[in-house]
Amino acid sequence: MNQEYYEKLNERCENAIKAIDDNDVERWLHLASKLFKLVSIQPDGLPSIANCHFEGVLYNSIAEFHNLYIKKQNK
């Protein structure tokens, strides 16, 4: 993983946030599930956290997407 990888993931997360349809959350969750797995760290038995930092840089869209996905999943 490198800076370019995180920048692309951050952009994909930003697009996913924009694409959410509150009328069809289940479909959005299904379409975004692979992206969620790419940006998540979840050791056995522990809650998932966003993998949104790289070399001191916070990638906000990754963090926002991760939080939004969990929020929508738990509704």
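Structural data are supplied above this passage.
Residues numbered from 1 in each chain as written. Predicted model: local features only at pLDDT ≥ 70, side-chain atom pairs only at ≥ 80, totals over all residues. Heavy atoms only, no water.

Asker: Teacher, can you tell me more about the overall build of the protein chain here?
Answerer: Helix and strand counts for the protein chain come out as three helices and four strands. Of the regular secondary structure in the protein chain, the N- to C-terminal order runs α-α-β-β-β-β-α. The C-alpha atoms of the protein chain give 12 Å as radius of gyration, which agrees with the globular expectation for 75 residues (11 Å, within 12%). The buried share of the protein chain, taken over its 75 residues, is 35%. Partitioning the contacts of the protein chain with sequence separation of at least 6, the portion at a separation of at least 24 is 65%. By element, 49% of the accessible surface of the protein chain is carried by carbon and sulfur atoms, the whole surface being about 5,400 Å². Considering the protein chain, the positive charge centre built from 9 side chains and the negative charge centre built from 11 side chains are found 5 Å apart. (Helix = DSSP H or I, 4+ residues; strand = E, 2+ residues; numbered from the N terminus. Rg over C-alpha atoms; globule rule 2.2 N^0.38 Å. Buried < 20%, exposed > 50% of the residue type's maximum accessible area, 1.4 Å probe, protein only. Contact = heavy atoms within 4.5 Å. Areas by Shrake-Rupley, 256 points an atom, 1.4 Å probe, with all protein chains shown as cover. Lys, Arg positive; Asp, Glu negative; His and termini not counted. Charge placed at Lys NZ, Arg CZ, Asp CG, Glu CD.)

Asker: Help me out: how do you make sense of the packing of aromatic side chains in this one?
Answerer: The way to describe two aromatic rings as a pair is by their centre distance and the angle between their planes. For the structure shown, the criterion picks out seven aromatic pairs. When the ring of tyrosine 5 is compared with that of tyrosine 6, the centres are 5.8 Å apart and the planes differ by 85°; the resulting orientation is edge-to-face. Both rings, one in tryptophan 28 and one in phenylalanine 65, keep their centres 5.8 Å apart while their planes meet at 65°; by these two values the pair is edge-to-face. Remark: phenylalanine 65 occurs in helix H3 (residues 60-73) and tryptophan 28 occurs in helix H2 (residues 25-38); sequence separation between them is 37 residues. Each member of the pair, tryptophan 28 as well as phenylalanine 65, carries the same accessibility label: buried. (Phe/Tyr/Trp six-rings, centres within 6.5 Å; stacked < 30°, edge-to-face > 60°.)

Asker: Help me out: how do you make sense of the nonpolar core in this one?
Answerer: One recurring pattern in soluble globular proteins is that nonpolar side chains are buried together. In this structure, Cys13, Trp28, Leu35, Val39, Ile62, Phe65 and Tyr69 are the most contacted members of the largest nonpolar core, which totals 19 residues. Ranked by the residues each element gives to this core, the list is headed by H2, at six residues. The residues contacting tyrosine 69, other than those within four sequence positions of it, are Trp28, Leu29, Ala32, Ser33 and Phe36. (Core = buried A, V, L, I, M, F, W, Y, C linked by side-chain atoms within 4.5 Å.)

Asker: I tried to follow the pattern of salt bridges on my own but got confused; where do I start?
Answerer: Where charged atoms from two side chains of opposite charge come close, those side chains can pair. Counted under the stated rule, the structure contains three salt bridges. As a salt-bridge pair, aspartate 22 and lysine 72 come within 3.2 Å of each other at their nearest N and O atoms. With a gap of 50 residues between them, aspartate 22 in the loop between helix H1 (3-19) and H2 and lysine 72 in helix H3 connect regions that are remote in the sequence. Residue classification places lysine 72 among the buried residues on the basis of a relative accessible area of 13%. (Salt bridge = Lys/Arg side-chain N within 4 Å of Asp/Glu carboxyl O.)

Asker: Would you mind going over the side chain of asparagine 51 with me for this structure?
Answerer: By the secondary structure assignment, asparagine 51 is in the loop between strand E2 (49-50) and strand E3 (53-54). For asparagine 51, a relative accessible area of 18% translates into the label buried. Engagement of the side chain of asparagine 51 in a polar contact is seen with the side chain of tyrosine 6, the distance being 3.1 Å. In contact with asparagine 51, not counting residues within four places along its chain, are Met1, Tyr6, Val39, Ile41 and Ile62. (Polar contact = N/O pair within 3.5 Å; in protein donor to acceptor, adjacent residues only side chain to side chain.)

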